[in-house]
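# Secondary and tertiary structure notes
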Amino acid sequence: MTAIAPMLTVARAEALFTSPLATGSHPSHATAEQAIRHAVRTHGGVRGCAADVAGEYGDHPECAAPRMRWARHVVDELYDAGRPRWVLAG
């Protein structure tokens, strides 16, 4: 079985990853939303954020993995409360 995250969750996490917010911070919903929107604009859309995330994994995997875990945690906590977090695909 494979766990698949919803596309919007992935896009938000990638945008938050590319934002200037500090890894390990606990932003409010408003702060995270502003950082995500700014990152999407700054990086030329969600595809640009995804490309920058991939570049960081290639250049600095030891820093990228903890940052993505943080970004996913923030997104899960702020946006997915009350909804199933994972869809199991067979």
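Counting restarts for each chain: residues are numbered from 1 in the order of the written sequence. Only residues with pLDDT of 70 or above have their local features reported here, since the model is predicted, and side-chain atom pairs are shown and tallied only from 80 upward, although totals for entire chains, interfaces and linings are computed over all residues. Excluding hydrogens and water, the side-chain figures rest on all heavy atoms present in the structure.

## Quick look at the nonpolar core
Counting residues in hydrophobic clusters, the biggest one holds 18 residues, and the most contacted among them are Leu16, Phe17, Met68, Trp70 and Ala71. Only DSSP runs of H or I reaching four residues or more are called helices, and only runs of E reaching two or more are called strands; each is numbered from the N terminus. Mapped onto this core, the elements with two or more residues apiece are helix H1 (7-17), helix H2 (29-42), helix H3 (46-59) and helix H4 (61-79). With seven residues, the single largest contributor to this core is H4. Every residue pair with non-hydrogen atoms within 4.5 Å of one another is taken to be in contact. Excluding residues within four positions of it along the chain, Ala71 makes contact with Ala13, Leu16 and Phe17. Remark: nonpolar core denotes a set of buried residues (Ala, Val, Leu, Ile, Met, Phe, Trp, Tyr, Cys) joined through side-chain atoms within 4.5 Å. Using a 1.4 Å probe on the protein chains alone, a residue whose accessible area is under 20% of its type maximum counts as buried, one over 50% counts as exposed, and one in between counts as partly exposed.

## Describing the packing of aromatic side chains
Side-chain rings of Phe, Tyr and Trp, where Trp is taken by its six-membered ring, are said to pair if the distance between their centres is within 6.5 Å; with planes under 30 degrees apart they count as stacked, over 60 as edge-to-face, and otherwise as tilted. Using the criterion set out here, one finds one aromatic pair in the structure. Ring plane angle 15° and centroid distance 6.3 Å describe the contact between Phe17 and Tyr57, whose orientation is recorded as stacked. With Phe17 in helix H1 and Tyr57 in helix H3, this pair connects stretches of sequence that are 40 residues apart. Its relative accessible area of 7% is what places Phe17 among the buried residues. According to the relative accessible area criterion, Tyr57 is partly exposed, its value standing at 31%.

## Considerations on the packing of H1 against H4
Angles shown run from 0 to 180 degrees and are taken between the N-to-C directions of axes, each axis being a line fitted to C-alpha atoms and, for helices, limited to the stretch in contact. The contact between H1 and H4 brings their axes to 8 Å, and the two run at 125°. Our classification of the angle between H1 and H4 gives oblique. Crossing angle aside, the handedness with which H1 passes H4 is right-handed. On the side of H1, the interface is formed by Thr9, Arg12, Ala13, Glu14, Leu16 and Phe17, while H4 contributes Ala64, Arg67, Met68, Trp70, Ala71, Arg72, Val74, Val75, Asp76 and Tyr79. Considering only residue class, the contact of H1 with H4 consists of ten nonpolar, one polar and five charged. An angle below 35 degrees is treated as roughly parallel, one above 145 as roughly antiparallel, one from 65 to 115 as roughly perpendicular, and anything else as oblique. For any helix crossing, the convention is left-handed if the near helix is rotated counterclockwise from the far helix by under a right angle, and right-handed if that rotation is clockwise. Charged residues are taken to be Asp, Glu, Lys and Arg, nonpolar residues to be Ala, Val, Leu, Ile, Met, Phe, Trp, Tyr, Cys and Pro, and polar residues to be all remaining types, Gly included.

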